[in-house]
Amino acid sequence: MQDLSDPRGFGYGRATVQAEIGGRTYRLAALDGFEENVGAVYRTLGGRNTGRDPGDWMPMFGVLWPGAVALAERVAAEDVAGLDVLELGCGLGLPAIVAASRRARVVATDNHPHAGAFLAANARHNGVEVSFAELDWRDEDAVLPCPRFDRVIASDLLYSAQLVPLVVGQLARWLAEDGRAWLVDPGRLALPSFEAEARRVGLQVEVDVLDEGERELFGIDISW
Ligand SMILES: C[S@@+](CC[C@H](N)C(=O)[O-])C[C@H]1O[C@@H](n2cnc3c(N)ncnc32)[C@H](O)[C@@H]1O
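**Quick look at the overall build of the protein**
So, point 1. Summing up its helical and strand segments, the protein has six helices and nine strands in all.
So, point 2. In terms of overall size, the protein behaves like a compact globule, its C-alpha atoms giving a radius of gyration of 17 Å where 224 residues would be expected to give roughly 17 Å.
So, point 3. Here the C-alpha coordinates of the protein stretch approximately 50 × 40 × 40 Å along the principal axes.
So, point 4. Within the protein, the fraction of its 224 residues that count as buried is 41%.
So, point 5. Across the protein, the fraction of contacts at a sequence separation of at least 24, relative to all contacts at a separation of at least 6, is 66%.

**Focus: the sheet that holds strand 5 (residues 131–134)**
So, point 1. If you walk across this open sheet you meet the seven strands as 5-4-3-6-7-9-8, and the pairing is mixed. This sheet does not close on itself; its edge strands, each paired only once, are strand 5 and strand 8 (204–210). For this sheet, the mean inter-axis angle between neighbouring strands, taken without regard to orientation, is 20°.
So, point 2. Relative to strand 9 (residues 217–223), strand 7 (residues 175–185) runs antiparallel, the two being bridged by five bridges. Looking at strand 9, one finds that Leu183 is bridged to Ile220.
So, point 3. Helix 3 (residues 94–101) rests against strand 3 (84–87), strand 4 (105–110) and strand 6 (149–155) of the sheet, and its axis sits at about 170° to strand 4.
So, point 4. Contacting strand 7, strand 8 and strand 9, helix 6 (residues 191–200) runs over the sheet at an angle of about 155° to strand 8.

**Topic: the site of the ligand**
So, point 1. The full set close to the ligand counts 21 residues, and Phe61, Ala68, Gly89, Gly91 and Asn111 are the nearest of them.
So, point 2. For the shell around the ligand, the class distribution of residues is 11 nonpolar, six polar and four charged.

**Some points on the environment of Pro54**
So, point 1. Residue placement: Pro54 occurs in the loop between helix 1 (35–45) and helix 2 (66–77).
So, point 2. C-beta crowding within 10 Å serves as the criterion here: with 13 such atoms nearby, Pro54 is assigned to the partly exposed category.
So, point 3. Residues Pro54 and Tyr42 lie 12 residues apart in sequence; the distance between their C-alpha atoms is 9.1 Å.

**A few points about the pairing of strand 1 (residues 14–21)**
Within a regular strand, side chains alternate between the sheet's two faces.
So, point 1. As paired elements, strand 1 and strand 2 (residues 24–31) share eight bridges and run antiparallel to each other. When the sheet's bridge partners are listed, Thr16 is paired in strand 2 with Ala29.
So, point 2. Joining the antiparallel neighbours strand 1 and strand 2 is a turn of two residues, in which Gly22 adopts a positive phi near 55°.

**Some thoughts on the packing of helix 2 against helix 3**
So, point 1. Running from N to C, helix 2 and helix 3 point in directions that differ by 15°, and their axes come no closer than 8 Å. Classified by the angle their axes make, helix 2 and helix 3 are roughly parallel. In the packing of helix 2 onto helix 3, the handedness of the crossing is right-handed. Across the interface between the two elements, Ala68, Val69, Leu71, Ala72, Val75 and Ala76 of helix 2 pack against Leu94, Pro95, Val98 and Ala99 of helix 3.

**Considering the pairing of strand 3**
So, point 1. The side-chain alternation of strand 3 yields two buried faces, one formed by Asp84 and Leu86 and the other by Val85 and Glu87.
So, point 2. Where strand 3 and strand 4 come together, four bridges link them in parallel fashion. Bridging across to strand 4, Glu87 finds its partner in Ala108.
So, point 3. Since strand 3 and strand 4 lie parallel, the crossover through helix 3 that links them has a hand, and here it is right-handed.
So, point 4. Where strand 3 meets strand 6, three bridges bridge the pair, whose relative direction is parallel. Its bridge partner being in strand 6, Val85 is matched across the sheet by Arg151.

**Overview of unusual backbone geometry**
So, point 1. One non-glycine residue with positive phi stands out, namely Arg103, at about 70°.
So, point 2. Checked against the element boundaries, Arg103 lands in the loop between helix 3 and strand 4.
So, point 3. Its 13 C-beta neighbours within 10 Å are what place Arg103 among the partly exposed residues.
So, point 4. In this model, Asp156 sits at a positive phi of 55°, which is unusual for a non-glycine residue.
So, point 5. If you trace the backbone, Asp156 turns up in the loop between strand 6 and helix 5 (163–174).
So, point 6. Residue Asp156 is classed as buried on the basis of its 21 C-beta neighbours within 10 Å.

Scoring rules and cut-offs
- Residues numbered from 1 in each chain as written.
- Predicted model: local features only at pLDDT ≥ 70, side-chain atom pairs only at ≥ 80, totals over all residues.
- Helix = DSSP H or I, 4+ residues; strand = E, 2+ residues; numbered from the N terminus.
- Rg over C-alpha atoms; globule rule 2.2 N^0.38 Å.
- Buried ≥ 20, exposed ≤ 12 C-beta atoms within 10 Å, placed from the backbone.
- Contact = placed C-beta atoms within 7 Å.
- Pairing = 2+ DSSP bridges.
- Axes fitted to C-alpha atoms, helices over the stretch in contact; angles between N-to-C directions.
- Near = placed C-beta within 6 Å.
- Nonpolar A, V, L, I, M, F, W, Y, C, P; charged D, E, K, R; others polar.
- Parallel < 35°, antiparallel > 145°, perpendicular 65-115°, else oblique.
- Left-handed = near helix turned anticlockwise from the far one by under 90°.
- Right-handed = clockwise from strand over helix to strand, strands pointing away.

Below, the structure is given as structure tokens:
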């Protein structure tokens, strides 16, 4: 019986990606694309019931999306030393790794069954310690090593309207009273409803357009 938690059995196409952040080069083990690996997932799973929503196996975690690079730059521009930092939907975890290299205590989270393996390898290759926890935003009873975080960071999570209340719920659940959340979004259509939902639960939201060359990205600062 194949161990589905082991990415090696999925025949993913692999790549190494790199990013220059705050004067340092970070190298990450990644997939060679998102669309390119959807077929590998469905060939491996066949029609079997894994106990998870089939959409949860989509290999979005394995790509360094542009928002992650912008978020990592934001992390590198701030003093996060000694802070408790939570990354939601971390994928390859570049922002989490940058925060750890700046001496933050970091918990990186994602619900994809293979994100933890990539995060652990990438933290090791870049010489930092990052804890990983499998966290699904639909799980209302989740427990993490820290009850509340000084910084909650996330990039490119608002790609579907159904995710908006879940992501807002996570911010409300984990952000410390005097904490700050930094999100980056590539202008997904759900961004306006995210702003409205965050304000509805009492969060303060500021959205700025980031200057990231050809790609328009939005930086979202959140506090209570
Ligand atoms: C577009 S990717 C972004 C990955 C990374 N933040 C980046 O910008 O490169 C979205 C991420 O959210 C994760 N995700 C989607 N739904 C989730 C859920 N319900 N709970 C936790 N993570 C989820 C996916 O596994 C994936 O890693």
